[in-house]
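Close look at the chain arrangement
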Amino acid sequence: MATKPGILTDWPWKPLGSFKYVILVPWVVHSTYSMIVKGEGETDLLYFLTFPFLLVRMIHNQIWISISRYQTAKGKNRIVDKSIEFEQVDRERNWDDQILFNGIIFYIAYMTIPQSHKLPLWRTNGVVITSLLHAGPVEFLYYWFHRALHHHYLYSRYHSHHHSSLVTEPITSVTHPFAEHIVYFMLFSMPMLTTVFTGTGSLVSLAGYILYIDVMNNMGHCNFELIPKRLFSIFPPLKYLMYTPSFHSLHHTQFRTNYSLFMPIYDYVYGTMDKSTVAVYETSLERPEESPKVVHLTHLTTLESIYYLRLGFATLASKPHTSKWYLWLMWPMTSWSLIITWIYGNMFVVEANTFGKLKWQSWVVPRYTIQYKLQWPREAINSMIERAILDAEMKGVKVLSLGLLNQGEELNRNGELYIQRYPQLKLNLVDGSSLVVAILLNSIPKGTTQVLLRGKLTKVAYAIANTLCERDIKVATLYKDEYEKLHLRLTTKLKSNLILSTSYAQKTWLVGDGWTEKEQLKASKGTLFIPFSQFPPKKMSKDCFYHSTPAMITPKSFTNIHSCENWLSRRVMSAWRIAGILHGLEGWNVHECGDSMFNIEEIWQASLRHGFQPLTMPN
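The structure contained in this document is the topic of the report that follows. Every value quoted in this text rests on a predicted model; they were computed, and no experiment measured them.

Moving on to the side chain of Thr 554. With respect to the helices and strands, Thr 554 occurs in the loop between β12 (551–553) and β13 (558–559). The class for Thr 554 is buried, based on a relative accessible area of 2%. Sequence-distant contacts of Thr 554, defined by excluding residues within four places in its chain, comprise Ile 561, Arg 571, Met 573 and Phe 612.

Since one α-helical turn is 3.6 residues long, residues separated by three or four positions face the same way. With 16 residues, helix α4 (residues 97–112) extends 23 Å from end C-alpha to end C-alpha; this agrees with the ideal 22 Å at 1.5 Å per step. Taken residue by residue, α4 has Asp 97, Gln 98, Ile 99, Leu 100, Phe 101, Asn 102, Gly 103, Ile 104, Phe 106, Tyr 107 and Tyr 110 as its buried positions. If you follow the buried residues of α4, they end up packed against α1 (25–37), α2 (45–74), α7 (178–197) and α8 (203–220).

Here we come to the sheet that holds strand β4 (residues 399–402). With mixed pairing, the six strands of this open sheet are ordered in space as β5-β4-β1-β3-β2-β13. The two strands at the open ends of the sheet, each matched to only one other strand, are β5 (428–430) and β13. Bridge count for β4 against β5 is three bridges, and the pairing is parallel. Counterpart to Val 399 in the pairing with β5 is Asn 428. Here helix α18 (residues 378–394) sits on the sheet and contacts β1 (294–299), β3 (358–365), β4 and β5; the angle it forms with β3, its principal contact strand, is near 160°. Packing against the sheet, helix α25 (residues 575–586) makes contact with β1, β2 (348–355), β3, β4, β5 and β13, and its axis sits at approximately 145° to β3.

As a further point, take the sheet that holds strand β8 (residues 498–500). With respect to topology, six strands assemble into an open sheet ordered β8-β7-β6-β9-β10-β11, the strand pairing being parallel. The open sheet terminates on both sides in strands that have one partner only, identified here as β8 and β11 (545–546). The sheet contact formed by strand β6 (residues 450–454) and strand β9 (residues 508–511) spans three bridges and is parallel. Looking at the pairing, Leu 453 lines up with Leu 510 of β9. Contacts from helix α23 (residues 480–489) reach β6, β7 (474–477) and β8, with the element oriented near 165° to β8.

Another point: the nonpolar core. Membership of the largest hydrophobic core comes to 52 residues, with the highest contact counts inside it found for Leu 435, Leu 468, Leu 510 and Phe 532. Among the elements of the structure, β3, α21 (433–441), β6, α22 (459–470), β10 (528–531), α25 and α26 (600–609) are those that each provide at least two residues to this core. Among the elements that take part in this core, α22 stands out by supplying eight residues, more than any other. With near-sequence residues (within four places) excluded, Leu 468 lies in contact with Leu 441, Ile 444, Val 451, Ile 473, Val 475 and Leu 510. Counting residues in each nonpolar core, the second largest holds 51 residues, with Trp 64, Phe 188, Leu 206 and Phe 247 among its members.

So, about the layout of surface pockets. Of the pockets and cavities examined, the second largest pocket occupies roughly 520 Å³. Residue lining of the second largest pocket: 23 residues in total, with Leu 46, Phe 106, Met 192, Leu 206 and Ile 210 positioned closest to the centre. Where the lining of the second largest pocket is concerned, the elements lending two or more residues are α2, α4, α7 and α8. In terms of residue count, the dominant contributor to the lining of the second largest pocket is α2 (seven residues).

Turning our eyes to something else, we now look at the packing of α21 against α22. Between α21 and α22, whose axes approach to 10 Å, the crossing angle comes to 45°. As summarised for this structure, α21 and α22 are arranged oblique, according to the angle between their axes. Pair α21 / α22 crosses with right-handed handedness. Residues Ser 433, Val 436, Val 437, Leu 440 and Leu 441 of α21 pack against Lys 459, Val 460, Ala 463, Ile 464, Thr 467 and Leu 468 of α22. When its residues are assigned to classes, the contact of α21 with α22 shows eight nonpolar, two polar and one charged.

What counts as what
- Residues numbered from 1 in each chain as written.
- Predicted model: local features only at pLDDT ≥ 70, side-chain atom pairs only at ≥ 80, totals over all residues.
- Heavy atoms only, no water.
- Helix = DSSP H or I, 4+ residues; strand = E, 2+ residues; numbered from the N terminus.
- Buried < 20%, exposed > 50% of the residue type's maximum accessible area, 1.4 Å probe, protein only.
- Contact = heavy atoms within 4.5 Å.
- Expected span 1.5 Å × (residues − 1).
- Pairing = 2+ DSSP bridges.
- Axes fitted to C-alpha atoms, helices over the stretch in contact; angles between N-to-C directions.
- Core = buried A, V, L, I, M, F, W, Y, C linked by side-chain atoms within 4.5 Å.
- 1 Å grid on protein atoms, 1.4 Å probe; cavity = no way out; pocket = protein on both sides within 12 Å on 5 of 7 lines; lining within 4 Å.
- Points joined across faces, edges and corners; volume = space filled by probe spheres on them.
- Parallel < 35°, antiparallel > 145°, perpendicular 65-115°, else oblique.
- Left-handed = near helix turned anticlockwise from the far one by under 90°.
- Nonpolar A, V, L, I, M, F, W, Y, C, P; charged D, E, K, R; others polar.

Function cannot be read off these values alone, since they describe shape.
Next up, the structure:
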């Protein structure tokens, strides 16, 4: 939002929320109906193809968004090092409003301008006229309108909304108040209306001009440089005719320079070219890929999780616990993602963060949870993880966190497999178990004398039971086989604190994967469920309390954290991710994988010392 919002700031359909596209339904239905009932010679492709063209523009923009975020996370050719926070993601979430606005205008224009009917596919003179009008009047008028927007009156009421994003993304290009978009569309409509009224218009000239605007807008707001220096060497005048991402990035950081739309010529003519433009361009081109100190290795969960990655829809990633209705409409594409990730067998960088001087990245193994549960693909998955570990070793990574959603024991014995294969590894493998146990122990209400342990007996479950028994807290279990397994792990002195329970009366339950909803419903009123699984349990009892999965609130100095696990709240990070960061910050030169556990109290104190905060207990 602008600092002093003026009139026509909000889009007219803002109250409709996610259902805003219903305003296009009458035109879509009518154009489709007309295409079906009219004869072959009576149909008009422009009218029918308007909505599909809007969809193509959305897909095109999303491709730019995903590529830009991926490249920025890698760090190669990055321009600005500052972080993106939740506020920017929220502000830019309605980037599709301008496409919707364009669609409405196109339909209205078709209804009111007879000359727009039955346009041919191609007319050379129309393409030439469009190019000349854009290079002349459109670029010239935009330059002066843009300068006017930087006057304090218009800037505070409108343009400051756009400039709130110091670190630009492709969607930043269309993040403007409604009033600005009206003027922009008036400017861009000049070539289109001219060709239509002069009889030189064509489908290619109209669609091509709009796509040209989209390409240049998206490219100019990428936070990485992608225009090769060779182009300007081959054709030196090109520097006056085409801007670069670094050119426009300087406008967002310096404000009073580089006002041009896509052609810097007017900045040269009127003396507003930033003096550091060439230096920033060359520095960005030479910037190497980032070398993180800590890497968190994870994988996709449900099929829809591809949309919750930062590379997908950052709005979804930044708003956990949300489920959008339109994702159901995307199931064909969602299903294809399973095939694509199966073919593409290499991990990829999805997120990059900084915490003080520590550089941290999150890498995704392109496999879904359901694939981890199958027996036959495990060898291939282990090979992928192994390649990721060796790649991290080659890049100088010090700590690799195996945040593989509790699949580690059956898959690779919590990372022990890789230590045995590569005993000379310089990086440390961390599974995060010690911090999970520490958070769990500090989540149990003071004064608790007995807990019920339910779920799959994992490394974490054994460590919890052992520590609680050491603290003289009774640990109850419901099944004899679980009792016997736990009994074998405890020393003789602690065995007396292990109980085979015949009731569900305990008021504190520690729950992992594998416990049933039927068991949950048997809990007495007021029971507190504290999970030690990465996914929270489904809430079945309204009269019980549910704690978060093992997680902590991140310090505000932890940057670029606008993409979190979609089952956690904002600025909350799972223990599996935090553990690797703590190992990197403290410089602990030790593996935490296999059966080994790091000192629970030491890692807990380290988390507090570095500013991570415990979550509040549920009421």
